[in-house]
Structure formats: structure tokens, C-alpha cells
Amino acid sequence: MRKAELALSEEPYGWDCARITEHAGVAKELIWQQQATARKERDKARKAATT
């Protein structure tokens, strides 16, 4: 779910939080939390791959 929400919010989709919330049928706070966690995981993986 985290990766999907992050993917939808970035290019090429560019969905805003409201659209993701409506599509998923969950609270916007959950979307924000999941996206933040997915970004941290992605950034950590990228950093590990470059070192």
C-alpha cells in the first residue's frame, strides 16, 4: 500500500492526496503517513545502494 500511494503521488501519475484518499477509501492522515514511510524507505534504500 505504501509503495502504491507513493507511486500514485509522483510522476507520471501526479495524484494529489485527495484523489488517492477518494480512490482508496481511507483517511488522508493514513495516506500522509504511508507516503512518508515509503519515502523514508526509498531514500534509505537509495543511500544504501550508493555506498
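As a reminder, the structure under discussion sits directly above these lines.
Residues numbered from 1 in each chain as written. Predicted model: local features only at pLDDT ≥ 70, side-chain atom pairs only at ≥ 80, totals over all residues. Heavy atoms only, no water.

A. Inspection of the overall build of the protein chain at higher detail. The number of helices and strands found in the protein chain is three helices and zero strands. For the protein chain, the α and β elements follow one another from N to C terminus as α-α-α. In terms of overall dimensions, the protein chain has C-alpha extents of about 40 × 20 × 10 Å along its principal axes. Counting over 51 residues, the protein chain shows a buried share of 24%. Within the protein chain, residue pairs in contact and separated by at least 24 positions form 54% of the contacts whose partners lie at least 6 positions apart. Carbon and sulfur atoms provide 54% of the accessible area of the protein chain, an area that totals close to 4000 Å². (Helix = DSSP H or I, 4+ residues; strand = E, 2+ residues; numbered from the N terminus. Buried < 20%, exposed > 50% of the residue type's maximum accessible area, 1.4 Å probe, protein only. Contact = heavy atoms within 4.5 Å. Areas by Shrake-Rupley, 256 points an atom, 1.4 Å probe, with all protein chains shown as cover.)

B. Representation of helix 2 (residues 17-24) within the structure. All of the buried residues along helix 2 are Cys17, Ile20 and Thr21. On an axial view of helix 2, the arc spanned by its buried residues comes to 100°, and they lie on one face. Every exposed residue of helix 2 that faces more than 90 degrees away from the buried side is listed here: Ala18, Glu22 and His23. Packing partners of the buried residues in helix 2 comprise helix 1 (2-9) and helix 3 (28-50). Immediately downstream of helix 2, the backbone of glycine 25 shows phi near 70°, a positive value. (Arc of directions from axis to C-beta.)

C. Up close: the nonpolar core. Among the nonpolar cores identified, the biggest contains five residues, and these are Leu8, Trp15, Cys17, Ile20 and Ile31. If near-sequence neighbours (up to four positions away) are discounted, tryptophan 15 is found in contact with Leu8, Ser9, Ile20 and His23. (Core = buried A, V, L, I, M, F, W, Y, C linked by side-chain atoms within 4.5 Å.)

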